[in-house]
Amino acid sequence: MRKFTLPILLLFCFSGLQAQENRKLPVETQIEKNHEITIKGNRVPFKSITGTQPVWDEKGEPIASLFYTYYERTDVDDKDTRPLVISFNGGPGSASIWMHLAYTGPVLLNIDDEGYPVQPYGTRDNPHSILDVADIVYVDPVNTGYSRILNEETPRETFFGINSDIKYLADWVNTFVTRQNRWASPKYLIGESYGTTRVAGLVSQLQNSHWMYFNGVILVSPTDMGIERGGPVKMANYFPYYAATAWYHGQLPSDLQSRDLDDIIPEVEKFAVDEALPAMVKGGSLTASEKEAMATKMARYSGLDKEVFLSNNLMVGTSLFWKELLREEGMTVGRLDSRYKGFDRMEGGESYDFDPALTSWNHAFAPAFNHYAKNVLGFESDLTYNLFGPVHPWDRSNETTGYDLGQAMRQNPYLHLMVQSGYFDGGTDFFNAKYSMWHIDPNGKMADRMSFKGYRSGHMMYLRAEDLATSNEDIRQFIQNSMVEEGIPAKYD
């Protein structure tokens, strides 16, 4: 039997205790670092505060703790007029890493100009960051990133559902804004994908339950946010996305293919609403010749064979489209970014084996953030940083977030909305994003406070270098244009 001296035994005990502590998330902590960056040719000094802040139950006991990273410009004298952007990603179950390391923050992960991963993994300065005009906090909801449940007896439905997620995060944001002394600041929410569901509900919850008012909401690749659509409407709305993707891959007829994408999109949007939708609504009442003519036109705007539409009663969903568009080449196209191509074990079938876009992105982000958190932000933990955390089952009942956002805008004349979408995003397509805007504002009275921006990329449009610059500039202009001059009352004339 091996014998150990007392000092060695003590060392082993200490190491074991240290390992246990590193496997636990501290309820509250802050790590502050100073940095600087050049944005649009100007030096911007800033600090990062990386930490954890608790979620409390009704008795004031911590039941979870959320990991966040907060960037604040340090050469600003008056924080009361300095905008604050609160940033969430989606999933549900996704960490805030995506927009943090690839979009609005001060660093970018190492990828090529089209968004593909490169080695060595790591980060570099982001010359397009919005940190020159706004401070930013990136928040990881429960079980995403390093955020964790602390009290295992807490019911999971406290966190994992559309409305419970909004409720506890609103309370967390309220605490964060209070602690950072930012109640006077113009405030903005930005969410991507399911994060748009989250921030659409949060702006209403914060406004009506915490009396915190915002200047703007930015929806990046928005979900349907509970806005009703289905059947023929859902299927017809896909055609502009189909046409854009087919154009990118050179699958449209030559007369369309030779035109610019911006010239094609309005034509296909009109076709979707004025022709495809009525035809789908008529269903079996269409004559054989009418059905044939419509299938021919659908094929023209989608890059698919008309027989695909005829054999599916004119209603072709996205799964079949991703498999079918390049079937003759033996390739599939990505869901979240249809510029990406992959191939399956078998060329037959009606859906692909995997999304080639998502697998490429996971490859790039996870190594970069783990390196950045430890070596730049100074946060050390033996916990796994969950790009996608265990948050299921997720209660999706009683979703009204899109309608709630519209109500919040009607209640608050200061509140503006911008939607950003990639033309090649098949998961949350750009025409459905426009459709949501129309129904957030069904009477059109808020049109001057709403804007749509489209980009020639996918779900995370900022991964393409050209769109990274453009989309950040669009946010910068949105923030500056939605700032209110001193003394202007919040009222309708």
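Bear in mind that the values here come from a model prediction, so they are computed numbers and not experimental data. (Residues numbered from 1 in each chain as written. Predicted model: local features only at pLDDT ≥ 70, side-chain atom pairs only at ≥ 80, totals over all residues. Heavy atoms only, no water.)

1. So, the domain arrangement of the protein
Then step 1. In terms of domain boundaries, the protein breaks down into domain 1 (29-228 + 364-482) and domain 2 (232-355).
Then step 2. Relative to domain 2, the C-alpha centre of domain 1 lies at a distance of 32 Å.
Then step 3. Each side of the interface is counted separately: domain 1 has 19 residues, and domain 2 has 24 residues.
Then step 4. Summed over both sides, the interface of domain 1 with domain 2 buries roughly 1900 Å², with 57% coming from carbon and sulfur.
Then step 5. Seen at the junction of domain 1 and domain 2, the total is 4 salt bridges.
Then step 6. One salt bridge connects Arg-456 with Asp-262, and the closest N-O pair in it is separated by 3.2 Å. (Domains from an automatic or database assignment. Contact = heavy atoms within 4.5 Å. Buried area = accessible area lost by both parts, 1.4 Å probe. Salt bridge = Lys/Arg side-chain N within 4 Å of Asp/Glu carboxyl O.)

2. Focus: the packing of aromatic side chains
Then step 1. Applying the stated criterion to the full structure yields 34 aromatic pairs.
Then step 2. Summarising the aromatic geometry, the rings of Tyr-146 and Tyr-385 are spaced 5.0 Å apart at their centres and angled 80 degrees between planes, so their arrangement reads as edge-to-face. With Tyr-146 in the loop between β7 (135-139) and β8 (148-149) and Tyr-385 in the loop between α12 (356-377) and α13 (401-411), this residue pair connects regions lying 239 residues apart in the sequence. For the residue pair Tyr-146 and Tyr-385, the accessibility class agrees, reading buried in each case.
Then step 3. Aromatic side chains Phe-159 and Phe-160 sit 6.1 Å apart centroid to centroid with 55 degrees between the ring planes, which places their arrangement in the tilted category. Each member of the pair, Phe-159 as well as Phe-160, is classed as buried. (Phe/Tyr/Trp six-rings, centres within 6.5 Å; stacked < 30°, edge-to-face > 60°. Helix = DSSP H or I, 4+ residues; strand = E, 2+ residues; numbered from the N terminus. Buried < 20%, exposed > 50% of the residue type's maximum accessible area, 1.4 Å probe, protein only.)

3. What about the layout of surface pockets?
Then step 1. The computed volume of the largest pocket comes to approximately 880 Å³.
Then step 2. Lining the largest pocket are 38 residues, with Ser-193, Thr-223, Arg-335, Gly-427 and Thr-428 positioned closest to its centre.
Then step 3. At the level of secondary structure, the elements contributing two or more residues to the lining of the largest pocket comprise α4 (194-209), α11 (318-324), α12 and α14 (430-440).
Then step 4. Class assignment for the residues of the lining of the largest pocket results in 14 nonpolar, 15 polar and 9 charged.
Then step 5. Split by domain, the residues of the lining of the largest pocket number at least three in each of domain 1 (29-228 + 364-482) and domain 2 (232-355). (1 Å grid on protein atoms, 1.4 Å probe; cavity = no way out; pocket = protein on both sides within 12 Å on 5 of 7 lines; lining within 4 Å. Points joined across faces, edges and corners; volume = space filled by probe spheres on them. Nonpolar A, V, L, I, M, F, W, Y, C, P; charged D, E, K, R; others polar.)

4. Quick word on the pattern of salt bridges
Then step 1. A full pass over the atoms with the stated rule returns 30 salt bridges.
Then step 2. For the salt bridge of Arg-198 with Asp-165, the shortest nitrogen-to-oxygen distance reads 2.8 Å. You can see Arg-198 sitting in helix α4 and its partner Asp-165 sitting in helix α3 (residues 162-179), a full 33 residues away along the chain. Accessibility assignment for this pair places Arg-198 and Asp-165 in one class, buried.
Then step 3. Note that Glu-267 is salt-bridged to Arg-259, the shortest N-O span being 2.8 Å.
Then step 4. Judged by its relative accessible area of 26%, Glu-267 falls in the partly exposed class.
Then step 5. We classify Arg-259 as partly exposed; its relative accessible area is 23%.
Then step 6. Each of the salt bridges in this network shares a partner with another, and the network as a whole consists of Glu-32, Lys-47, Glu-72, Lys-79, Arg-82, Asp-135 and Arg-182.

5. Focus: the side chain of Asn-143
Then step 1. Tracing the backbone through its elements, the reader meets Asn-143 in the loop between β7 and β8.
Then step 2. If sequence neighbours within four positions are ignored, Asn-143 has contacts with Arg-148, Ile-149, Phe-160, Asn-386, Gly-389, Pro-390 and Val-391.

6. Thoughts on the environment of Thr-296
Then step 1. Its location among the elements puts Thr-296 in helix α9 (residues 288-302).
Then step 2. Considering only alpha carbons, one finds Thr-296 and Lys-306, 10 residues apart in sequence, at a separation of 5.3 Å.
Then step 3. Polar contacts involving the side chain of Thr-296 include one to the main-chain carbonyl oxygen of Glu-292, which spans 2.9 Å. (Polar contact = N/O pair within 3.5 Å; in protein donor to acceptor, adjacent residues only side chain to side chain.)

7. Details of the nonpolar core
Nonpolar side chains in soluble globular proteins generally cluster together in the buried interior.
Then step 1. With 55 residues, the main nonpolar core has Ile-97, Tyr-146, Trp-361, Phe-365, Phe-369 and Tyr-462 as its most contacted residues.
Then step 2. Element by element, the count of residues in this core is highest for α12, at 9 residues.
Then step 3. Not counting the four nearest positions on each side in its chain, Phe-369 is found in contact with Phe-67, Ile-97, His-100, Leu-101, Tyr-146 and Tyr-385.
Then step 4. Counting 52 residues, the second largest nonpolar core, distinct from the first, contains Ala-64, Tyr-68, Ile-162 and Leu-169. (Core = buried A, V, L, I, M, F, W, Y, C linked by side-chain atoms within 4.5 Å.)

8. Examining unusual backbone geometry
Then step 1. Note that the residue after Gly-91, namely Pro-92, is joined by a cis bond; omega there is 0 degrees.
Then step 2. With respect to the helices and strands, Pro-92 occurs in the loop between β4 (84-88) and α2 (97-102).
Then step 3. Of note, the amide linkage connecting His-392 to Pro-393 takes the cis form, showing an omega dihedral of 5 degrees.
Then step 4. Mapped onto the secondary structure, Pro-393 falls in the loop between α12 and α13.
Then step 5. For Lys-40, which is not glycine, the phi torsion reads 55 degrees and is therefore positive.
Then step 6. Relative to the assigned elements, Lys-40 resides in the loop between β1 (29-39) and β2 (42-56).
Then step 7. With a relative accessible area of 49%, Lys-40 lands in the partly exposed category.
Then step 8. A positive phi angle is found at Met-225, which is not glycine, with a value near 55 degrees.
Then step 9. Looking at the secondary structure, you find Met-225 in the loop between β10 (216-220) and α5 (231-236).

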